[in-house]
Amino acid sequence: MWKANAPANIALIKYMGKNETCNKKNIPLNTSISYILPKYLSFVEVSLYEGDSDLFVNNSQLSTTLYSNFSNNEISRFLQHAQFLKEHFEFEKNFSIKSWNNFPTGIGIASSASSFAALTKTIVAAIVDLKNEPYPSNEYLSQLSRVASGSSCRSFFQPWSIWTPDKAEKLDIPIKDLITSVIIIDKTQKKISSSQAHKLVRTSLLFENRPQRANFRAIQLIDALKNSNWQAAYKIAWQEFMDMHALFHTSDSPFFYITPKSWQILSEVQKFWEDNNDGPIITMDAGPAIHLLWRSDQSQLLTKFNPT
Ligand code: DP6
């Protein structure tokens with residue numbers, strides 16, 4: 001039996017829009033930068049299976065703090081990626097696959113990044129063990145994982161990761177040990193998945209220079225973080241997620257994730273910064289949840305926003 005886990009990640013510079021002309025899957029049009037969410041983990045367990053094809057076992061015997069209730073669509077994505085990895089390594093036996101998360105889906109943390117990173121690690125470990133081959137590098141695993149879900153390729157590097165259209169890798173930033181928190185706004189399943197959003201944003205008139213804007217902000221963010229300019233990093237991250245949501249709002253047809261409750265918290269965070277001249281970096285993904293990142297010396301401020 002082989003087991004591995006991988007963490008979720010939150011992007012401050014977003015992957016939004018894929019290169020449709022490239023023959024590889026999930027190649028981004030712009031650089032993205034993320035921070036790991038070490039508390040939010042996916043686990044995968046794999047064993048050899050004698051049946052005719054791979055089997056995904058939805059595990060209902062888990063404790064109340066572990067979640068494994070995958071939809072048919074999620075299960076078929078898992079099995080498709082397992083098949084891709086087996087073909088890649090020219091491996092013909094079948095696997096039985098179990099997976100679970102230590103966080104529920106629908107709370108605003110993308111489980112696909114951590115799930116596919118964990119699946120890639122586990123299946124590859126099993127194959128190379130059985131074939132007596134060396135375990136590949138994180139860079140290599142990251143590229144394989146990207147094929148299943150783009151953002152998963154950043155989950156191989158901690159705590160900061162940078163993903164250019166070429167590859168994802170560790171980003172060396174002196175500010176580490178951030179305290180990450182998520183404010184859950186709405187637990188209902190989102191209507192537009194991030195994979196659909198990648199396509200829809202292309203219909204926005206604002207999309208034309210989007211890669212340039214994101215790439216420029218990536219350079220600015222690295223510069224701000226390397227110079228410990230936290231306030232500049234906050235402003236860049238704010239402009240970036242608002243830019244991505246503006247694409248959503250101006251697509252044909254438009255779609256929205258920001259709810260009145262999200263707006264209320266966004267304005268409270270902005271006011272907090274005005275009053276204190278300090279505060280958290282804030283960002284939102286393709287969902288209503290709000291992610292806050294605090295420096296470790298700000299821990300006394302943390303309770304202000306009722307984190308999870
Ligand atoms: C808004 O990685 O979920 O979270 O490659 O189609 O699986 P696929 O998309 P996915 O997109 C994530 C988009 C985002 C921003 C980000 O994480 O960079």
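None of these values were measured; they are calculated from a predicted model.

A.B. asks: How should the overall build of the chain be read in this particular structure?
C.D. replies: When helices and strands are counted, the chain shows 7 helices and 9 strands. For the chain, the spread of C-alpha atoms along the three principal axes comes to 65 × 45 × 40 Å. Within the span of the chain, comprising 308 residues, buried residues form 53% of the whole. Taking the contacts inside the chain whose residues are at least 6 apart along the sequence as the reference set, 74% of them involve residues at least 24 apart. Looking at the chain as shown, the accessible area adds up to about 14400 Å², and 50% of this sits on carbon and sulfur atoms.

A.B. asks: Mind showing me how you'd approach the sheet that holds strand β7 (residues 179-183) here?
C.D. replies: Backbone-to-backbone hydrogen bonds join strands into a sheet, with any given pair of strands oriented parallel or antiparallel. Spatially, 3 strands are ordered β7-β9-β8 in an open sheet, and the strand pairing comes out antiparallel. Of all the strands in the sheet, just β7 and β8 (281-283) have a single pairing partner and so form its edges. Between one strand and the next, the sheet's axes are offset by a mean angle of 20°, whatever the strand orientation. Where β7 lies against strand β9 (residues 290-294), 5 bridges are found, and the strand directions are antiparallel. The residue bridging I179 from the neighbouring strand is W294, located in β9.

A.B. asks: Help me out: how do you make sense of the site of the ligand in this one?
C.D. replies: By nearness alone, 18 residues border the ligand, and Y15, S149, G150, S151 and S195 come closest of all. At a separation of 2.7 Å, an oxygen atom of the ligand approaches a polar side-chain atom of Y15. Burial of the ligand by the surrounding chains reaches 96%, relative to a free accessible area of 460 Å². Among the elements that make up the shell around the ligand, the one with the highest residue count is helix α4 (residues 194-200) (3 residues). Within the shell around the ligand, the residues separate by chemical class into 5 nonpolar, 8 polar and 5 charged.

A.B. asks: How should the pairing of strand β5 (residues 160-163) be read in this particular structure?
C.D. replies: Remark: a regular strand shows side chains that alternate across the two faces of the sheet. Both faces of β5 are covered, namely the face carrying W160 and I162 and the face carrying S161 and W163. Across 4 bridges, strand β2 (residues 32-49) lies against β5 in antiparallel orientation. Bridge assignment links S34 to a residue of β5, and that residue is S161. In sequence, β5 turns back onto strand β6 (residues 168-170) through a hairpin of 4 residues.

A.B. asks: What exactly am I supposed to notice about the pattern of salt bridges here?
C.D. replies: Oppositely charged side chains can form a pair if their charged atoms are brought close together. Here the structure, examined in full by the defined rule, presents 13 salt bridges. Sharing partners across several salt bridges, the network here consists of R210, R213, R217, E240 and D243.

A.B. asks: Where do I start with the nonpolar core in this structure?
C.D. replies: Residues I33, W160, I282 and I290 are the most contacted members of the largest nonpolar core, which totals 49 residues. When residues of this core are assigned to their parent elements, the largest contribution, 7 residues, is made by helix α6 (residues 230-249). With sequence-adjacent residues up to four places away left out, I33 is seen in contact with I10, A11, L12, I13, W160, S161, I162, L171, A218, L221 and I222.

Parameters and conventions
The numbers attached to residues start from 1 for each chain and follow its sequence in the written order. In keeping with the predicted nature of the model, local features appear solely for residues at pLDDT of at least 70, side-chain atom pairs appear and are counted solely at 80 or more, and the whole-chain, interface and lining totals rest on all residues. Just so you know, side-chain values use all the structure's heavy atoms and leave hydrogens and water out. Helix and strand definitions follow DSSP, with helices as H or I runs of at least four residues and strands as E runs of at least two, each counted in order from the N terminus. Only protein chains enter the calculation, and the probe is 1.4 Å; a residue is then buried if its accessible area is under 20% of its type maximum, exposed if over 50%, and partly exposed in between. Contacts: residue pairs with any heavy atoms within 4.5 Å of one another. Accessible surface is estimated by sampling points in the Shrake-Rupley manner with a 1.4 Å probe; for residues, cover comes only from the protein chains shown. Criterion used throughout: strands pair if DSSP finds at least two bridges between them. Helix axes are fitted only over the stretch in contact, all axes being lines through C-alpha atoms; the angle between N-to-C directions runs from 0 to 180 degrees. Throughout, the term near means that a residue has one or more heavy atoms lying within 4 Å of the molecule or strand in question. Any pair of nitrogen or oxygen atoms within 3.5 Å is treated as a polar contact; in protein, a donor-acceptor pairing is required on top of that, and neighbouring residues in sequence qualify only through side-chain atoms on both sides. Ten residues, namely Ala, Val, Leu, Ile, Met, Phe, Trp, Tyr, Cys and Pro, are considered nonpolar, four, namely Asp, Glu, Lys and Arg, are considered charged, and the remaining ones, Gly among them, are considered polar. The term salt bridge refers to a side-chain nitrogen of Lys or Arg lying within 4 Å of a carboxyl oxygen of Asp or Glu. The nonpolar core is taken to be a set of buried Ala, Val, Leu, Ile, Met, Phe, Trp, Tyr and Cys residues, with the residues joined through side-chain atoms within 4.5 Å.

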